[in-house]
Amino acid sequence: MITCSAPAKVYLFGEHAVVYNESAICCAVNIRTRVNIEYSENIVINSSLGTTGIDYEIHPYVSAVVDKIRKKSPYRGVSISIESDIPVGSGLGSSAAVVVATICAFNNLLKLGMDKESIASFGHSIEKEIQGAASATDTYVSTMGGTVAIPARRHLKNPLCNLVIGNTNVFSSTGQLVAKVASLKNIYPEVITPILSTIGKASLRGESLLENEDYRALGELMNVNQGLLEAIGVGCDELSRLIHSSRTAGALGAKITGAGGGGCMVALAENENIDAISREIKNAGGIPIVTGVTDSGVRVD
Ligand code: MEV
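Here we summarise the structure given alongside this text. Since this is a predicted model, take the numbers as computed values, not measurements.

Around the ligand sit Lys9, Tyr11, Glu15, His16, Val18, Val19, Ser135, Val178, Gly258 and Ala259, and that is every residue in its neighbourhood. The contact in question runs from an oxygen atom of the ligand to an N or O atom on the backbone of His16, over 2.9 Å. Protein chains shield 88% of the accessible area of the ligand, which is 290 Å² for the free molecule. Each of domain 1 (2-155) and domain 2 (158-291) gives at least three residues to the shell around the ligand.

Here you go:
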């Protein structure tokens, strides 16, 4: 049996702006999805959602990987079992993590000889097939780990701080939120385009703040980025409550991570404040997850 795992991701800066080729900073975080694989008579896919064969309703991402790999390198059957600590559909890249962990598991079982670049780009093609459109960032960061400047894909210094994620548990559709920003930009191009470009500038400034380990300023700019995300209409009451409670509890900065409209926020936190921030996120109706950046992208466990 082979077990591979892959991490979730958060945006320190730049979601939405990145869709318009502005800069962003994305980090792999130590919340993982694990995929076990072994040879079997049939195809069996097991997760908390149920036990199926190839099934595009219940296990679309894993089924797509199974199908694609079978066409390239035929095999009789495999039994795949998935366990995940990444909340699904919350902007933390759960689908990217399950896709790259499954590809890595096949790569090792069938000795396919794929390097990490190939795993990331194969993973992106699977996400595109299932979602229609998908940014390559999630699969890239989950495969490579660390802190990555987008679109350059340059590795930056990891923040030596904790990250406290707050999950609103409110479903949001990335596609709808990206379309909402596109529509605002269409109606008010002279207003919205400079906001997106300012988000990109905050992200670029964030790169040098990470380099200098200036986390106070980094947090301040994350707060500025949050204001700009509100301005382009991707905030919501539940996220605002978690963000403001985190700041009151001592976060250096707090903002949406991912598409917004629900899903998760992320707070940059020093050790002494993580308990208070987690408590306040809970009191404000969210589910806190204390984590940090990991250099460990997809791996064999
Ligand atoms: C969603 O996680 C990030 C967005 O920028 C969309 C994308 O980059 O595909 C909102």
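Our next topic: the side chain of Asn158. One can find Asn158 in the loop between strand E7 (154-156) and strand E8 (162-167). Excluding anything up to four places from it in sequence, Asn158 contacts Gly146, Thr147, Tyr215, Val293 and Asp295.

In this section: the pattern of salt bridges. Enumeration over the complete set of coordinates arrives at eleven salt bridges. One salt bridge in this structure joins Asp138 and Lys9, with 3.2 Å as the shortest N-O distance. One end of the pair, Asp138, is in helix H4 (residues 137-144); the other, Lys9, is in strand E1 (residues 2-13), and 129 residues separate them in sequence. Lys9 shares its class with Asp138; the two are buried. In this structure, Glu270 and Arg216 form a salt bridge, with 3.6 Å as the shortest nitrogen-oxygen distance. One end of the pair, Glu270, is in the loop between strand E10 (264-269) and helix H9 (274-283); the other, Arg216, is in helix H7 (residues 215-231), and 54 residues separate them in sequence. Judged by relative accessible area, Glu270 falls into the partly exposed class, the value being 28%.

It is worth spelling out the packing of helix H3 (residues 116-131) against H4 at this point. Two elements in contact, H3 and H4, have axes separated by 8 Å at closest approach and are oriented at 145°. Remark: the crossing between H3 and H4 carries right-handed chirality. Judged by residue contacts, Lys116, Glu117, Ile119, Ala120, Gly123, His124 and Glu127 of H3 engage Asp138, Thr139, Tyr140, Thr143 and Met144 from H4. For the contact of H3 with H4, the residue count by class is four nonpolar, four polar and four charged.

Closest axis-to-axis distance for the helix H5 (residues 174-187)/helix H6 (residues 189-211) pair is 5 Å, and the angle between their directions is 130°. With respect to their mutual orientation, H5 and H6 come out oblique. Between H5 and H6, the contacting residues are Val181, Leu184, Lys185, Asn186 and Ile187 on the first element and Pro189, Ile192, Thr193 and Leu196 on the second. Considered class by class, the residues forming the contact of H5 with H6 number six nonpolar, two polar and one charged.

Our focus in this paragraph is the sheet that holds E8. Sheet architecture is open: four strands sit in the order E9-E10-E8-E11, paired in antiparallel fashion. The two strands at the open ends of the sheet, each matched to only one other strand, are strand E9 (253-257) and strand E11 (287-291). Ignoring strand direction, the axes of neighbouring strands in this sheet form an average angle of 25°. Note: E8 against E10, six bridges, orientation antiparallel. Bridge pairing in E10 places Asn167 opposite Cys264. The strands that H9 touches are E8, E10 and E11; relative to E8, the one it contacts most, it runs at about 5°.

The rules we used
Residues numbered from 1 in each chain as written. Predicted model: local features only at pLDDT ≥ 70, side-chain atom pairs only at ≥ 80, totals over all residues. Heavy atoms only, no water. Near = heavy atom within 4 Å. Polar contact = N/O pair within 3.5 Å; in protein donor to acceptor, adjacent residues only side chain to side chain. Areas by Shrake-Rupley, 256 points an atom, 1.4 Å probe, with all protein chains shown as cover. Domains from an automatic or database assignment. Helix = DSSP H or I, 4+ residues; strand = E, 2+ residues; numbered from the N terminus. Contact = heavy atoms within 4.5 Å. Salt bridge = Lys/Arg side-chain N within 4 Å of Asp/Glu carboxyl O. Buried < 20%, exposed > 50% of the residue type's maximum accessible area, 1.4 Å probe, protein only. Axes fitted to C-alpha atoms, helices over the stretch in contact; angles between N-to-C directions. Left-handed = near helix turned anticlockwise from the far one by under 90°. Nonpolar A, V, L, I, M, F, W, Y, C, P; charged D, E, K, R; others polar. Parallel < 35°, antiparallel > 145°, perpendicular 65-115°, else oblique. Pairing = 2+ DSSP bridges.

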